[in-house]
Each structure stands twice: as C-alpha cells, then as structure tokens.
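Residue-level listing of the chains:
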Amino acid sequence: MYTQRIHISFKGLLLALSLALTVTACGSDSDRDEQANSGTGGTGGSGGTGGGAPAQIRVLSNRADLVSGGDALVEVIWPTNQTPANAKVTLNGQDITGTFAQRENGRYMGLVTGLDVGSNQLVAQATGVTQTSYAITNYPNGGPIFSGPQVQPWVCQSGALDAQCNQPAEYSYLYKSTNRTRTGLLPYDPQNPPTDVASTTTDDGITLPFIVRVERGFQDRDEYKILTLFQPDQPWTAWSPQPQWNRKLLITHGGNCGADHAVGSARLDDYAGTIPANPLLEQSYIVALGRGFAVASTALNNNGHNCNISVQAESMMMAKERLVEQYGELRYTIGTGCSGGSLVQQQVSNAYPGIYQGLLLMCSYPDTFSAGTQFADSHLMRKYFEDPSRWSVPWTPQQFADVEGHISHVNAVAADEGLFKAATDPTNPCKGVSDAERYHPETNPAGVRCGVLDYLINIFGPRAPSVWSPAEVQANRGFAGNPIDNVGIQYGLNALRQGRITPEHFVDLNVKIGGLTIDIKRKNERTVADQPALANAYRSGLINQTNNLNKVAMINFTGPDPGIAHDTVHAFWTRWRLDREHGNHDTHVMWGGPAPLIGDPNYVYQGLTAMDRWLAAIEQDTRSASLTQKIVDNKPADVHDQCSDGAGHKVLDQLCPEQLLMVFGTPREVAGDHKEADTMKCQLKPLNRSDNYGPIPFTDAQWDRLKMAFPDGVCDYSKPAVDRQGASSWLTYQNAAGEVIYGGIPLPAPPANSGSGMVSPAFLAQP
C-alpha cells in the first residue's frame, strides 16, 4: 500500500542496504536451511525466550532490506508446521497477530502493513517456541531505494497527494471482444457488461470470460500498471489468487532513450512505436493475458522516458514486490520489447540479475552506450559528409556508407536525428522542465540539463574542475562526465585498405572529423572520455559486457536491416560478447526471418510459448547446478537458431543467410575495432608509416597532416580497451543517509529467508 507512517526524516534513517547477485535469490537453499536451524530470523534476527525450536520468519515479497511502500507479504513457519494456539506476532512491539492466519494454502501468512521508514522488528513467539526476531528495512513508496538521489525538478500527475507522486491505486476493467474488427482490449463496465465478451482458455485449461482488471498506481514517483484476467465477482488474495492466474509474469517496455522530469506512462505494446500499429498483429501482452499470465509495466522501464539503468531496475523490483503482496507468489518473469525495450531487458539482466528469468528481444540493442558511441560517430560524420565546403576532394554517397560500415548514409541520418541528438543535447526541451529552468550555456549555465548524461550523473559522476567548461565554471559545478571517446580512431581505415576511398579521403576525414564538447557540440579536437565516467559506464552495465547475461534465457528475433538505426548487427553484438566472455552463447537463441526488425510477426506468439516451455522446464530442475547450467540443460530441443519464411513456418534449423539478414558494420569496425563493438576508448600505439594503409602511398604532406591529427598515436586494438570491465552486479548509488555515491558500490550479501516469493526455487542463484 502507498500509505505509511513517515513521522521522521528519511535522511539518516535508512540502514545499510544489502543486495547480492539476484533480487529474487535472497540466499541459496542452503543459506535458508542454515538460517532456519539457527534460531535467528534474518537481518538483525536473534533467538529469544520460550525454549524449544525457533519459528522461522520469511519475507516473501522482496528482500527484507529492500521493502518499500510500508508493507510486506510474510510467512511464519512454526517448528512443528502447526500453528500454536497462543501464537503471537508483533511489529515494533505492537501486536499484529490478527494480520496472520492459517490460510487456504495451509501456510501461516499475513500482509504486514504500517512499516516505518527505516528499520522494523518483526517478532514471532509462542509457548514452547524460541522467540524469533527479524529485521525489515522499509523505504518510502516514492523511492529511491538504491538508485541514489532522484533527478530534480520532477512534476507529478494531477492526482498526486505529495511531492513523491503518491496516490492510491485505481482499478478499471477491460475486455476482449468476439468481434474481430474491434481490436485490442476495450473498456468493460461490471455494472453494465457488454454482450460481446470473448472467452479464453488459460494454459492451465481454465476457460473464462476474457475480462482484465487493470491496477494503476504510482511508485518511485512514477506510474505502474498490473493487469490480470479477473472474475469481478470473485475475491483475490495473495494466499488465494483466482485460479486462472498461472503465477507467471510478462513485463513490457518502451523504446528510444529519454530523460524526462515528469510522470510518464507505463507502456504495454511490444514495439513502442518502432513498428506502426497493425490490426492483424495482436500484442503479446494480450496473448499472455489470455493464457493466464499477469502483465506489468512501469513508466520508468520505458527507455524513451527514463534512460537510467538503476532506476529501471529499481522500479521493476518495486512493481514485482507490489504484485507479490497483492496477487501472490511468482514462478518466473519474462520480458518483452523492441528497440529500447530490448535494451532495458539486456542491460538490466546483466547489471541486476534476477529481475527477469527469460527475455524476448526485438529490434535489439544490448545496452545504451554501445549504440550511443556508434551514433556519436554518425553525428560527427554527418557534420563532415554533409558539408562539401569542408572537403579537400569530392565524396560520393556510397563512400559515406563505406566509411560508416553500412549500405546507406540514411542509417546515420536516422540514428542522429531520431536518437542521438534528441537524447544527448542538454539544451533540448524535456518534459517537466520549463524554458526558464532549462540549461543554456550563456544565459542559464546553472539550469537543468536535459540530456541523458546528466540524467545519469549518479552513475557517471561529475567532471573534475580541471576540465570544466566556461558554463561549468559559471555554474560552479561539474556536469556529468561523458564516457565517449574517439582519440586515435582512424575512421575509414579498412575502406582505405580495400580501395574504396583514397588516401586523401582518409587523411581529410581524420583531420577534420573533430569531437564533441560536454554540450554535445562539435569541436575541432577529438573527444576525450571523462574519468571516472568511462570506467563507470562499464561497471554500471551501461556498456553491457554480458558477464552476467548467461544467467537468463534469451530468444532474439531479428530480420533484415531496415537502415533506420536498428542495425541487425546489434543483436549479434550480444552473441559475440557472450562468446568472448563465456566461450559460448548457449543461453542465446536467434530466430530470423524476412520481416524487418522482427523476422516474423508470428514470433510474438511462438516466442512467448517457446520461452514459457523453456522456463517451465528449468523450474522443474531441482539440482544444485548453476543457473546457467540449468538454462542450457533444459532448453527444449526445438528452441534453437532458426530461419522462418515470415508466415510462421520454419525453413532452416540455423541462422538465416547473411544475404537475408544483411549484417552490416559500424564506423569503428571500419576503423579496425573488434566486431563486439564495446571499445569506448582504445589504447594507443605510435603512428607508423609502414603500416598497411593500402596500395597507394601517402604523400609527405598527407603524412604530416596525419601526424597532426594523431599526435598521441592511433588505436591499438590488439590491446584491451581502456577500463573495460564487466558490470558489478546490484550497485547502489546512495549511502545509508541517502547521499549520493557516484559510480556506485556493490551491495552486501542479502538477508536469508527473504524474496523467495518472487521466483520459483530452481531459479535461485547457485554457486
């Protein structure tokens, strides 16, 4: 529930956070057994009076030290599995025994409410039972929990009750019509029900009217939605859900990359506007609902609204906690989404493993800043290629594309106009920030910067005074660091070697390409990555090294490259990085076909079914094997790379031919970078005239110009990228007092006996 007792300052109250490899794991089975036998009850738990064996307290709905909103679903397990007649449960010394009961499922459970912000003590006791005390740390419903100080200003929805956008949850109903011309879900009035309600049969074989209840609420200062098939005349509790729910969850997402400062909307569609609406293509969330899934979305996992990885993970953790508390325990969670929706799934799964168990990826990007670096190059190349007055020799459009690694320069234009400039320019308008509040380097240097870099300042950290721009000096603060770098990059190198451009083309481009200022304006000098922003980009998972991505099952749908900044190669970046990090890509399946971006429209349905079968098989694997091993061993025999005819029929049991998928490169791959495309900053080697630059030698004048362009040397891709490292999982960007920790620190190990309601035991982390 959103209400809670906040009678003291949040700052200084919060205890030290703790979080391990997975929010759903909350300790291995052996940890929980040891805890149960120790007579303690988790964080701060201790044995007490009473004699005999202790009771065991389990916080089901989340980690006991990351609870939010003032409530938690709790189970007490008594030593004999029988509830003593004089059982008593207290919260902070107050008797809340009436909250608990032996429920229909045979378990002694209750929804504990009224948690104070900060530390709470839950105590279970009875005659003949050793008293058990368990600590629960509760955070405000408006957040933050681990993402650090929230961006300001922030504009709440019109019905908000306070500055944290709190508002009681609202409920409405939708239905699916028997009339196929009435697509999607339509408003349903239980007091005046329509006559065209379709029926559906869930994957558990339950047939019922296709009526959906929508819960709309606010957490972490933004909107969430939870949808389920619902029988309006029947009760639903966390310990006794309505039978049509299969206890599975589908999470939807939104595309693009943005930095809003106001409440947004939780997206439900698969494609987030990337693909035009198609009445013949039912959205996967509707398909999932009909099969008995719950569906959830948060505005903050809409990448076009919020491009901050830690806030994305935090909002989904909070929404899942809410779902467990109000609807019941989960078996597993599947993500789905296109473009920014695929990006969120992959970068969050790697940096905050355990949020998802399976991913359905379309129009794929592995993370924010790999593609961001590609698009920064495209931005600079447009400044050169589209201004013939800067050329020393003529260029053709085909030569533009040859240097960019693509079939057409249109791809660079689409990336720059549709994504890069809108997301990065700090002077652009952004939702929630007035013109008077917005940054301008001359007239308002202390104003709100609307680019994604400053939206991520908790992660990147502020720039050092030694590199401050005049605007930073006037504002008396460092802006967020920029992790992008292009020092030493020889743009067009392989095109030169292949004879597609001449030495003069190569020299002129590299002399004049320039770089970006902190305001994302072109400058003559190359861009030098800020520190510690560069290292933090890797540590945070904003550059996805896939070091934890082998702990989630993935089906990646891909089709021909449409040349609109959604390159087919982005899906292969994930696979190639998995191969580099783990020696294989056994947890990653690719389904291709002739439809641009998605391969085959039928994958919306086939992929959901296949992922469901895959996860259901893992769920039955009770071995103590690693989660990665379970994912690999339980992959269904028919879930493998394949190629479709576009009409739902498999034609090849392998990847589609490259001629169909059209896997192109990037400017940096043409410059000699590795195909994995995650070198933010290269190590340098001296410029050497004997290197193989092609059949045509440089003139002395050209060589002198190259030496001026590369005074410190050129990229040496035989050496590791500067500061490249895997994501440090479950980082917190705030200390116990709620103050920022720039760059984040890993949270300590989780308390035992908590969070198990978020996932089936087979998915809990194993050694």
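Residues numbered from 1 in each chain as written. Predicted model: local features only at pLDDT ≥ 70, side-chain atom pairs only at ≥ 80, totals over all residues. Heavy atoms only, no water.

K.L.:
Is there a simple way to think about the packing of helix 12 (residues 503-512) against helix 19 (residues 700-709) in this case?
P.N.:
Packed helices, taken two at a time, are described by the angle between their axes plus the distance between the axes. Helix 19 packs onto helix 12 with a crossing angle of 30 degrees between their chain directions and a minimal axis gap of 9 Å. Classed by the angle they form, the pair helix 12 and helix 19 counts as roughly parallel. Considering the relative orientation of helix 12 and helix 19, their crossing is left-handed. Contacts from Pro 503, Glu 504, Phe 506, Val 507, Asp 508, Asn 510 and Val 511 in helix 12 reach Gln 702, Arg 705, Leu 706 and Ala 709 in helix 19. Here the contact of helix 12 with helix 19 is composed, by residue class, of six nonpolar, two polar and three charged. (Axes fitted to C-alpha atoms, helices over the stretch in contact; angles between N-to-C directions. Helix = DSSP H or I, 4+ residues; strand = E, 2+ residues; numbered from the N terminus. Parallel < 35°, antiparallel > 145°, perpendicular 65-115°, else oblique. Left-handed = near helix turned anticlockwise from the far one by under 90°. Contact = heavy atoms within 4.5 Å. Nonpolar A, V, L, I, M, F, W, Y, C, P; charged D, E, K, R; others polar.)

K.L.:
Even after reading the chapter, I still don't get the pattern of salt bridges, so can you show me in this structure?
P.N.:
Should the charged atoms of two oppositely charged side chains come close, the side chains can pair. Taken as a whole and judged by the stated rule, the model has 40 salt bridges. With a shortest N-O distance of 2.8 Å, Asp 485 and Lys 681 are connected by a salt bridge. Of this pair, Asp 485 sits in the loop between helix 10 (470-475) and helix 11 (493-497) while Lys 681 sits in the loop between helix 18 (667-670) and strand 26 (684-685), and the two are 196 residues apart along the sequence. By relative accessible area, which is 2% here, Asp 485 ends up buried. For the salt bridge of Asp 641 with Arg 575, the shortest nitrogen-to-oxygen distance reads 2.8 Å. (Salt bridge = Lys/Arg side-chain N within 4 Å of Asp/Glu carboxyl O. Buried < 20%, exposed > 50% of the residue type's maximum accessible area, 1.4 Å probe, protein only.)

K.L.:
Hey, could you run me through the sheet that holds strand 17 (residues 294-298) in this one?
P.N.:
Sheet strands pair by backbone hydrogen bonding; their relative direction is either parallel or antiparallel. Spatially, the twelve strands line up as an open sheet ordered 11-10-14-15-17-16-18-19-22-23-24-25, and their pairing is mixed. Here the strands that pair on one side only, and so sit at the sheet edges, are strand 11 (186-187) and strand 25 (650-652). Here strand 23 (residues 588-592) runs beside strand 24 (residues 642-644); their pairing, made up of two bridges, is parallel. Residue Trp 591 lies in a different strand from strand 24, and its bridge partner there is Gln 642. In this fold helix 15 (residues 603-619) packs onto strand 16 (248-251), strand 18 (332-338), strand 19 (358-362), strand 22 (553-558), strand 23 and strand 24, with an angle of close to 165 degrees to the strand it touches most, strand 22. (Pairing = 2+ DSSP bridges.)

K.L.:
Before we go on, may I ask you to explain the pairing of strand 7 (residues 108-112) in this structure?
P.N.:
The two faces of the sheet receive side chains in turn, since in a regular strand these alternate between them. Taken across its five residues, strand 7 has four buried, putting it largely inside the fold. By the bridge criterion, five bridges tie strand 3 (residues 72-77) to strand 7 in an arrangement that is antiparallel. Bridging across to strand 7, Glu 75 finds its partner in Met 109. Two elements, strand 6 (residues 101-102) and strand 7, share two bridges in a ladder whose sense is antiparallel. Looking at the pairing, Gln 102 lines up with Tyr 108 of strand 7.

K.L.:
Any chance you could explain the environment of Gly 478 here in plain terms?
P.N.:
By the secondary structure assignment, Gly 478 is in the loop between helix 10 and helix 11. Linking Gly 478 and Arg 463, residues 15 residues apart in sequence, is a C-alpha distance of 4.7 Å. Not counting chain neighbours up to four residues away, the residues in contact with Gly 478 comprise Ile 457, Pro 462, Arg 463, Trp 468 and Glu 472.

K.L.:
Could you clarify how one ought to interpret the nonpolar core in this entry?
P.N.:
A general trend in soluble globular proteins is that nonpolar side chains are found buried together. In terms of nonpolar packing, the biggest core is built from 109 residues, with Val 348, Tyr 352, Tyr 356, Phe 369, Trp 395, Phe 460 and Phe 506 touching the most fellow members. Core analysis: the second largest hydrophobic core is formed by 44 residues, Ala 198, Ala 288, Ile 334 and Leu 360 among them. (Core = buried A, V, L, I, M, F, W, Y, C linked by side-chain atoms within 4.5 Å.)

K.L.:
Where do I start with the confidence of the model for the protein in this structure?
P.N.:
On average, residues of the protein carry a pLDDT of 91, and 92% of them reach 70 or more. In the predicted structure, residues 1-48 sits below a pLDDT of 50 and forms 161 contacts with residues beyond four places in sequence or in another chain. (pLDDT = per-residue confidence, 0-100.)

K.L.:
I tried to follow the sheet that holds strand 1 (residues 56-59) on my own but got confused; where do I start?
P.N.:
With antiparallel pairing, four strands are arranged side by side in an open sheet as 1-3-7-6. Edge positions in the sheet fall to strand 1 and strand 6, since each of these pairs with one other strand and no more.

K.L.:
Just to check I follow, could you spell out the pairing of strand 10 (residues 170-175) for this structure?
P.N.:
Here strand 10 pairs with strand 14 (residues 211-219) via six bridges, running antiparallel. Looking at strand 14, one finds that Tyr 175 is bridged to Ile 211.

K.L.:
Help me understand the state of the cysteines in this model?
P.N.:
Here, the word disulfide means a covalent bond between the sulfur atoms of two cysteines. This structure, assessed with the given rule, holds six disulfides. Across the disulfide, Cys 430 is cross-linked to Cys 450 (sulfur-sulfur distance 2.0 Å). Because the torsion about its S-S bond is -50 degrees, the bridge between Cys 430 and Cys 450 counts as left-handed. With Cys 430 in the loop between helix 7 (410-424) and helix 8 (452-455) and Cys 450 in the loop between helix 7 and helix 8, this residue pair connects regions lying 20 residues apart in the sequence. Cys 450 carries the same exposure label as Cys 430, and that label is buried. Cysteine pairing in the protein follows 1-2, 3-4, 5-6, 7-8, 9-10, 11-12, where each cysteine in a disulfide is numbered by its order in the sequence. (Disulfide = S-S within 2.5 Å.)

K.L.:
Teacher, can you tell me more about the environment of Tyr 139 here?
P.N.:
Within the secondary structure layout, Tyr 139 lies in strand 9 (residues 129-139). Residue Tyr 139 is classed as buried on the basis of its relative accessible area of 0%. On a C-alpha basis, the gap between Tyr 139 and Gly 69 in space is 6.5 Å, while along the polypeptide they are 70 residues apart.

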